Amino acid sequence: QVQVVESGGGLVQAGGSLRLTCAFSGRTSSITDMDWYRQAPGKEREFVARIRWSGGTPDYAGSGEGRFTISRDNAKNMVYLQMNSLKPEDTATYSCRSRTWWYSQSDYWGQGTQVTVSS
C-alpha cells in the first residue's frame, strides 16, 4: 500500500499562486505514476496533471496547461503542483492519486486539500 497526504491549499486571490504538496509513503517502489485531480462542488472529479515514475514529459489537462507544473522530489517522497495565475474556476478540492503496480494495478488517494480562488 501507499499512503498519500496532500497539503498546501488555501484561499488566494485571482492571479495568485499556490504550491500543493503530496507526501507519499509505504510501498513507494511500486509507484508507476502520481497524479493530481480536482473536484469542484457539483461537478465530477477531473484530471489535472500526471508525472510518470519512468520519466518523460508530464501530462496536463488543458485547463492547467501553461499555468500548472507538476514535479517530484524523490529524496523527500513528495510530489508538488505549482499553480500560477489562478482563476476562480480553479476553486476545487485537489487530490493526489498514487497509481501502483504490484501484481496488479492499484490506486491510492489522499483526503484532498481545498483551494479557493477569489475574484
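That block above? That's the structure.
Please read all numbers here as calculations on a predicted model, not as lab measurements. (Residues numbered from 1 in each chain as written. Predicted model: local features only at pLDDT ≥ 70, side-chain atom pairs only at ≥ 80, totals over all residues. Heavy atoms only, no water.)

Peer 1: Could you give an account of the packing of aromatic side chains, with specific residues and numbers?
Peer 2: How two aromatic rings sit relative to each other is given by the distance of their centres and the angle of their planes. For the coordinates displayed, the defined rule picks out four aromatic pairs. Measuring from ring centre to ring centre gives 5.6 Å for Phe24 and Trp53, while their planes differ by 65°; the resulting arrangement is edge-to-face. A residue pair is termed long-range when its members are at least 10 positions apart, and Phe24 in strand S3 (residues 18-26) and Trp53 in the loop between strand S5 (46-52) and strand S6 (59-60) qualify at 29 residues. Geometrically, the ring pair formed by Trp102 and Tyr103 is edge-to-face, given 5.7 Å between the ring centres and 85° between the ring planes. Judged by its relative accessible area of 75%, Tyr103 is exposed. Ring-pair connections join several aromatic residues into one group, and the members of that group are Tyr37, Phe47 and Trp109. (Phe/Tyr/Trp six-rings, centres within 6.5 Å; stacked < 30°, edge-to-face > 60°. Helix = DSSP H or I, 4+ residues; strand = E, 2+ residues; numbered from the N terminus. Buried < 20%, exposed > 50% of the residue type's maximum accessible area, 1.4 Å probe, protein only.)

Peer 1: Before we move on, can you summarise the pattern of salt bridges with the specific residues and values?
Peer 2: For the structure on display, the rule yields nine salt bridges. Linking Asp35 and Arg50 is a salt bridge whose minimum nitrogen-to-oxygen distance equals 2.9 Å. Here Asp35 is found in strand S4 (residues 31-39), whereas its partner Arg50 is found in strand S5, with 15 residues between them in sequence. (Salt bridge = Lys/Arg side-chain N within 4 Å of Asp/Glu carboxyl O.)

Peer 1: Kindly report on the state of the cysteines, identifying the contributing residues and their values.
Peer 2: Counting across every chain of the model gives one disulfide. One disulfide in the model links Cys22 with Cys96; its S-S distance is 2.1 Å. On the S-S bond that ties Cys22 to Cys96, the torsion sits near -85°, and the link is left-handed. Pair noted here: Cys22 is in strand S3 and Cys96 is in strand S9 (residues 92-101), with a separation of 74 residues, a long-range link. Take Cys22 and Cys96: they sit in the same class, and that class is buried. (Disulfide = S-S within 2.5 Å.)

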